[in-house]
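Chain and residue survey
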Amino acid sequence: MPGAVPNPLRGALDRRLPRIAGPSVLVLFGVTGDLARKKLLPAIYDLANRGLLPPGFGLVGFARRDWEDQDFAHEAHEAVRKYARTPFREDVWRQLSEGVRFVQGELDDEEAFDRLASTVHELDAERGTGGNYAFYLSLPPKLFPTVVTQLKRSGLAEPEPGGTAGTTPWRRVVIEKPFGHDLASAQDLNAVVDEVFPPSSVFRIDHYLGKETVQNILALRFANTLFEPLWSRNYVDHVQITMAEDIGVGGRAGYYDGIGAARDVIQNHLLQLLALVAMEEPLSYSADAIRAEKEKVLSAVSLPEDLSTGTARGQYAAGWQGGSKVPGYLEEEGIPSDSITETYAALKLGVDTRRWSGVPFYLRTGKRLGRRVTEVALVFQAAPQQMFPRSDVSELGQNALVLRIQPDEGVTLRFGSKVPGASMEVRDVSMDFTYGQSFTEASPEAYERLLLDVLIGDPPLFPRQEEVELSWQILDPVEEHWARSGQPDQYGAGTWGPESGQALLARDGRHWRRP
Ligand SMILES: NC(=O)c1ccc[n+]([C@@H]2O[C@H](COP(=O)([O-])OP(=O)(O)OC[C@H]3O[C@@H](n4cnc5c(N)ncnc54)[C@H](OP(=O)(O)O)[C@@H]3O)[C@@H](O)[C@H]2O)c1
């Protein structure tokens, strides 16, 4: 673990001691933004509150606002009080805020970056941060190249030798999604980043991978014997991966329009879920082994031959949701009235491997859908023959294993059971594992886990550039097809998407689960 002070009493595999970040500075670009306020600053506090940040930790915020250090500390305090997961403790906050600084400036202003460099160096000297810096780019994506170039120019990207305990200090850069908007732009962005930071120092955020329930896919499949024998075309009929939101585009209009549901969610979160569900067992629980298996799966993904029937897209129309009247996408503030950006996207994909050949993976995501839910459902084949009369099994569906990513985190197994009574009626029942009932400890927020991993330098939960590029390769032809296809289908707020989304499965004699 470069940069951290090695503890001679601690074995690397000893789980009794928590993983704690070493001395370091986190520079947060875009610190006044939505993500920083709602997720990143609260996560930093939660880590401090759990004792996972060292005393030699510094936080430097950078944004255009004309703030002093105290203004920033006040805003951060408010954000933490409002959004932190763990209880607010004044003493923890006081200790953390002693290492908090703010630098005001434009990202293309060299002088501002020179001030940032001096602030970071001063903090280093005052707090003993070991000369280790992580740069978090919580910014509109078009600004990523500017910041990376400025980090190089100002010398901040280059570690100076002579860190704590004789180690060379580290530099890490954390890049928020989206990483590009198609394959070509992802490659261009990577070329800029690659010139400044070695691949091992680049942490691309896909916050889904920070979720306990997503990591649990690996545990469920590879730490058990029960599921893996069923995990193939021999028993699985198809797989459904759903990420539904009940909210509309809200204040994110500027970001969302022109990007749409597929680029925002399918290219990263849903294809990562698909990769974890479909991959072979990695040789070990190491970043390289896991990423290699995910890349194999993503390389094996195939699109339907006819994209007009194998994909669906929609835009939410005005309607009622949760007892309130809500505007349609085209009436939202900041959205052009002729926008063809989709707020619902569904795809049917194949995974051309021996394990999955012929098993469709249906992916869907959308805004203003029936409820907020993310799940992966493996729907099993029906029993090859039934000895029970048809009338006794008319209420029996296909068996399913549902990985509930959020909310109500857990796993559900759905299978048929005899209804008590004199007849042999068989009906679907569920067996549930819920985190809340099985564990006393609450799950950390995804950003807590990911920020800690960045500071520790632990990369398994961050996709490599190869994965990003493979995902764009899958999506690019779909986006090109949609760009030629005019307006997306309209769907009512609070429904489960447009007719074309239902037809995507109905054509195959299947239907979407109601999550
Ligand atoms: N919000 C979310 O829930 C969410 C979820 C997943 C991923 N993301 C990603 O996270 C990143 C940040 O999202 P966000 O929602 O926080 O965006 P946001 O609310 O629009 O904030 C953008 C930040 O960038 C700063 N900024 C913009 N232009 C600048 C410039 N020219 N020079 C210096 N600073 C500038 C803004 O600061 P000032 O205006 O104060 O200068 C603000 O702090 C994006 O890449 C987004 O895709 C966000």
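Residues numbered from 1 in each chain as written. Predicted model: local features only at pLDDT ≥ 70, side-chain atom pairs only at ≥ 80, totals over all residues. Heavy atoms only, no water.

Digging into the nonpolar core
Phe29, Leu116, Phe135, Leu137 and Phe361 are the most contacted members of the largest nonpolar core, which has 147 residues in total. Considering each element in turn, this core owes the most residues, 12 residues, to helix α9 (residues 260-278). (Core = buried A, V, L, I, M, F, W, Y, C linked by side-chain atoms within 4.5 Å. Buried < 20%, exposed > 50% of the residue type's maximum accessible area, 1.4 Å probe, protein only. Helix = DSSP H or I, 4+ residues; strand = E, 2+ residues; numbered from the N terminus.)

Description of the pairing of strand β2 (residues 57-63)
Counted residue by residue, β2 has seven buried out of seven residues, so it is predominantly covered. Side chains Phe57, Leu59, Gly61 and Ala63 project from β2 onto one buried face, and the interleaved Gly58, Val60 and Phe62 project onto a second face that is buried too. Remark: the strand β1 (residues 24-29)/helix α1 (residues 34-49)/β2 crossover connection has right-handed handedness. In terms of strand pairing, β2 meets strand β3 (residues 100-104) through five bridges, oriented parallel. Paired with Gly61 across the bridge in β3 is Phe102. (Right-handed = clockwise from strand over helix to strand, strands pointing away. Pairing = 2+ DSSP bridges.)

Considerations on the site of the ligand
The full set close to the ligand counts 22 residues, and Thr32, Leu35, Arg64, Leu139 and Lys177 are the nearest of them. With respect to the ligand, the backbone of Gly33 contributes an N or O atom lying 2.9 Å from an oxygen atom. The contact in question runs from an oxygen atom of the ligand to an N or O atom on the backbone of Asp34, over 2.9 Å. Taken together, the residues of the shell around the ligand sort by class into 11 nonpolar, five polar and six charged. (Near = heavy atom within 4 Å. Polar contact = N/O pair within 3.5 Å; in protein donor to acceptor, adjacent residues only side chain to side chain. Nonpolar A, V, L, I, M, F, W, Y, C, P; charged D, E, K, R; others polar.)

Observations concerning the UniProt feature "binding site: substrate" (unreviewed entry) in the chain
When the UniProt feature table is mapped onto this chain, "binding site: substrate" (unreviewed entry) is found at His207, Lys211, Glu245, Asp264 and Lys367. Exposure remark for Lys211: the relative accessible area of 15% places this residue in the buried category. Those residues in contact with Lys211 that lie beyond four places of it in its chain are Ile405, Gln406 and Ala446. (UniProt positions renumbered as here; feature names shortened; annotations may be inferred. Contact = heavy atoms within 4.5 Å.)

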